[in-house]
Every structure is written in structure tokens, then in C-alpha cells.
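# Structure at a glance
Spelled out from the first residue to the last, the chains are:
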Amino acid sequence: MVTVGSDEKGQKCLDLGAASYINYKTQDFETVLQEEGVDVILDMIGGNYLSKNVNILKPEGRLVHINAVSGSHVDLDIWKVMIKRLTITGSTLRSRDYDFKKQLAKEVQKNVWPLIESKQFKPIIFKTFPFTEAPDAHRLLEDGSHTGKIILVR
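To start, this report covers the structure provided alongside it. Since the structure is predicted, the reported quantities are computational estimates derived from the model, not experimental observations. (Residues numbered from 1 in each chain as written. Predicted model: local features only at pLDDT ≥ 70, side-chain atom pairs only at ≥ 80, totals over all residues. Heavy atoms only, no water.)

## What to know about the environment of Pro130
What counts is decided by this rule: Secondary structure elements are defined from DSSP: runs of H or I of at least 4 residues count as helices, runs of E of at least 2 residues count as strands, and each element is numbered from the N terminus. Residue exposure (1.4 Å probe, protein chains only): buried if accessible area is under 20% of the type maximum, exposed if over 50%, otherwise partly exposed. When checking whether two residues touch, look at their non-hydrogen atoms; a contact exists if any pair is within 4.5 Å.
Examined against the element boundaries, Pro130 turns out to sit in strand E6 (residues 125-130). Classification of Pro130 by relative accessible area gives partly exposed; the value is 31%. Through-space distance from the C-alpha of Pro130 to that of Arg154 is 5.7 Å; in sequence the pair is 24 residues apart. If sequence neighbours within four positions are ignored, Pro130 has contacts with Leu152 and Val153.

Next up, the structure:
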């Protein structure tokens, strides 16, 4: 299940193998998923999504934060976390030391790169820009109309 900002993006996700989507601009994902619940959430938004995520997680559910676009300071009902025995965690590469990043790059080269080369895993590239057009790439990124990666190339 994925959340998207448009039905067009939702359809692209379905085409790529998603089971279903929720358009967060027209639907409240908390309301849609409240009864069914979810086991794992990968959250890039943060902010007020935390309480919604805690509400829809099933017992023993996991919430993983990889960004905090809407803010990092949140209000948390710790009692809900305890009752459901939830795991809330997060990660970012920015604060990791150079040796960790170097080892991670080696592991990606060994374990992931062969999947890309064999086309078992194919990144979705929306558009490439030369470095000289970085401001244009950033504007496209900010407007959110893309589906897939925006890449700067030499």
C-alpha cells in the first residue's frame, strides 16, 4: 500500500506492483486504514503524521522514519505505543561516520548493483538534468509533479 498525492501517481505505483494506494489529498489515510490497520510504516513526512501512524499500527507494529519533511518535533501519546508494543525507529545517513558510509557503499556495490545491472531492479527515473540546470531540477522536485527520481548528470 502506498500513499500518493495524485491518482496519476497512484496508477503508476499500481503499474509498478503496489497492491493499492491512498490519495492523501482526497482521502485521510488514517480513516481509510483505521479498521484494517498496518504492520509496518515507512514515513518520510514526520510532523503530525506520527499520531496518525501510531493510531493505525497493529499491535507489535513498526514505524520507521527516514525523513521529517513536516517537522521533527511531535506530540506522542506514549501510552498507545506501550499498549500496542510498537517499535518506533529512524535512520539517516547524514550523521553516520565516513567508515560506515564507505562500508555501506561496498555492500551496495556487492549486493544491489548486480540487481540493477541484470535489470531485476530498475530505478524509476523521471528526468535527468545537467549540473548546470540544477535550479530547474530543484524546482521540479519542489513542485511534486514527478514520479520517480530526478537526477543531476555531468
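## Remarks on the environment of Asn23
Which entries qualify depends on this criterion: Contacts described as polar in this section are N or O atom pairs within 3.5 Å, which, within protein, must combine one atom able to donate a hydrogen with one able to accept it, while residues neighboring in sequence count only if both atoms come from side chains.
By secondary structure assignment, the location of Asn23 is in strand E2 (residues 21-23). The spacing of Asn23 and Asp7 is 16 residues in sequence and 6.4 Å in space, taken between C-alpha atoms. Each residue touching Asn23, except ones within four places of it in the same chain, is listed here: Val4, Gly5, Ser6 and Asp7. Reaching out from Asn23, the side chain makes a polar contact with the side chain of Asp7 at a distance of 3.4 Å.

## A word on the layout of surface pockets
A probe as big as a water molecule, rolled over the atoms, marks out the empty space that is left. Rule in force here: Each cavity reported here is a set of points on a 1 Å grid over the protein atoms alone in which a 1.4 Å probe fits but cannot get out, each pocket an open set with protein on both sides within 12 Å along at least five of seven lines, and each lining residue one with an atom within 4 Å of a point. Grid points are joined across faces, edges and corners, and a volume is the space filled by probe spheres set on the points.
Of the voids in this model, the largest pocket is the one considered here, and its volume is about 1800 Å³. In terms of lining residues, the largest pocket is bounded by 43 residues, among which Thr3, Val4, Tyr24, Met44 and Ile45 are the most central. For the lining of the largest pocket, the elements supplying multiple residues, two or more each, are strand E1 (2-4), helix H1 (7-15), helix H2 (29-33), strand E3 (38-43), helix H3 (49-56), helix H7 (134-143) and strand E7 (149-153). If one sorts the elements of the lining of the largest pocket by residue count, H7 sits on top with six residues.

## So, the side chain of Asn23
Look at Asn23 and you get buried, because its relative accessible area is 4%. Polar contacts involving the side chain of Asn23 include one to the main-chain amide nitrogen of Lys25, which spans 2.9 Å.

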